[in-house]
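Chain by chain, the residues:
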Amino acid sequence: MIAVVLWFLVVIADNPKETRTFANIPVTLTNVELLEKENKVYEVLDNSDRVRVTVEVPRSDLDKLRASDIVAEADMSKLTAVNTIAISFYVMNDDVNVSNITGNRDAVHLNVEDKVKSWKAVRYHLQGEVAENYMVGGVTLEQTSIEVSGPKSAIDMIDSVAVDFDVTGATTDQKANVETKLYDAEGNVLDLPNVTKSADHVMMNVQVLAVKEIPVELNPTGVPGEGYLATGEVSCDPPVVRIAGAPSVLAGISKVSIPPEQLDITDAEESLVTTINVKSYLPATVRMADSNFNGRVTATVYVEPKVEKTLTIPVENISISDIPEGFEWEYDENVTSGRMKIAGLNAVVSGVQSDELHGTVNIAEWMRENDIKLLKPGAYRVPMTVEVQEDIEVTEEAFVQIIISEVKEEEV
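Q: How would you summarise the overall build of the chain if you had to cite specific residues and measurements?
A: Within the chain, the secondary structure is distributed over six helices and 30 strands. Over its C-alpha atoms the chain spans a radius of gyration of 53 Å, topping by over 25% the 22 Å that the globule rule assigns to 412 residues. Its C-alpha atoms give the chain principal-axis dimensions of about 195 × 45 × 30 Å. Taking all 412 residues of the chain together, the buried fraction comes to 34%. Only carbon and sulfur atoms are counted for the fraction: they give 46% of the accessible area of the chain, which is about 24900 Å². Side-chain charges in the chain split into 34 positive and 68 negative, and the spacing between the mean points of these groups amounts to 15 Å.

If you want it as structure tokens, here you go:
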């Protein structure tokens, strides 16, 4: 007995007990499927699944002990009513003789909730601006909704699922597999590691179209009713439209022409005002660039009543030529000469003044037209030629009253 005691004392003296502490040891949760069967999920609180473990072993075993030998476990089947699970510690190394093992905490604290699922529509956010004279024609997502699952409190925070796509400087169609992000009602990105998504990425296609501004060309036809004239003026509201399409298609389009049959003023007694959808006269692959413009323009072809005006050409503005030899002429002062009537648009007719007109009379031509072979002395009412602009109609021809007499020979 004395020998045994002495041997024991010697062993203790030569190989005393010592402790070693290992930090940040993970706690393994076992039987977690028990919660899953109840359709519940958990969240570890306060980082309680990380512990600091102190192990007491003989000095000779210290060098054999590794952090990987330390095991901390919490059995989910032993979950308490206050959502805690006791932690058990042990060393998985048969070469180490453990005298004692303790942790800085004895339980894992959990938040346990019902697991819920919800389908959310996937929205998109475009960032940046496409190149000048280009626009986004449309966006398609190959997956328009995804399922999110997790704790009810977390799912209730989710207002929408969206993807972000940068189109800065784009001139061609864009395609990419983009990450889905969770957003709250105020548009803030949510970081919810305990929420799972049925799709972390979705394929997104962005159509990029060229934009071009072109005029609307109006081509009226027809003749207005009796006593009315087309002013020659047309208007379109708006006068230009912005179109979008493939650059190769837009390169061949310089205007959109409205056909004459859409602007027929035959027998019209007032201006024609009509609404026209210009999309009908553009290629099917071209669209309106402005989303708030439906393609309809208001076209007006102006028609006004014809007005008449009586003018008297001053005598000094009348010239007479080609009188046969041996004859002379003079004005008949007893008869008003040079009176004529013109008709046309008010804006044109009102600007014509009598003293601006000039008349000419060609006696020889007048004789030929009236088959007069021999001119005799007398009073004649001879028509005048008066030059007026093309858009003026002469409704009553001008005449001049002249007296033709033979030239008297001078007496010697």
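Q: Lay out the packing of aromatic side chains with the relevant residues and their values.
A: Per the stated rule, a full pass over the model turns up two aromatic pairs. Ring centres 5.0 Å apart and planes at 80° place the aromatic pair W329 and Y331 in the edge-to-face group. When the ring of W366 is compared with that of Y380, the centres are 5.4 Å apart and the planes differ by 75°; the resulting orientation is edge-to-face. Of this pair, W366 sits in helix α6 (residues 363-369) while Y380 sits in strand β27 (residues 378-383), placing them 14 residues apart in sequence. Of the two residues, W366 and Y380, both sit in the buried class. Its end group placed over the ring of F399, R381 keeps NZ or CZ at 3.8 Å from the ring centre.

Q: Residue-level account of a negative patch on the surface, with values.
A: Negative charge collects at one region of the surface, where E261, D264, D267, E269 and E270 lie side by side. With respect to the helices and strands, D267 occurs in the loop between β18 (256-258) and β19 (272-277). A relative accessible area of 57% places D267 in the exposed class.

Q: Explain unusual backbone geometry residue by residue, including any values.
A: In this model, D237 is joined to P238 through a cis peptide bond whose omega is 0°. With respect to the helices and strands, the residue P238 is situated in the loop between β16 (228-237) and β17 (240-245). Positive phi outside glycine occurs at N39, with the angle close to 60°. Accessibility expressed as a relative area gives 43% for N39, which makes it partly exposed. Residues other than glycine seldom take positive phi values, yet D371 does so here, at roughly 55°.

Definitions and limits used
- Residues numbered from 1 in each chain as written.
- Predicted model: local features only at pLDDT ≥ 70, side-chain atom pairs only at ≥ 80, totals over all residues.
- Heavy atoms only, no water.
- Helix = DSSP H or I, 4+ residues; strand = E, 2+ residues; numbered from the N terminus.
- Rg over C-alpha atoms; globule rule 2.2 N^0.38 Å.
- Buried < 20%, exposed > 50% of the residue type's maximum accessible area, 1.4 Å probe, protein only.
- Areas by Shrake-Rupley, 256 points an atom, 1.4 Å probe, with all protein chains shown as cover.
- Lys, Arg positive; Asp, Glu negative; His and termini not counted.
- Charge placed at Lys NZ, Arg CZ, Asp CG, Glu CD.
- Phe/Tyr/Trp six-rings, centres within 6.5 Å; stacked < 30°, edge-to-face > 60°.
- Lys NZ or Arg CZ within 6 Å of the ring centre and 35° of its normal.
- Patch = residues over 30% accessible without salt bridge, like charges linked within 9 Å, V, L, I, M, F, W, Y side chains within 5 Å.
- Salt bridge = Lys/Arg side-chain N within 4 Å of Asp/Glu carboxyl O.

By themselves these figures say nothing about function.
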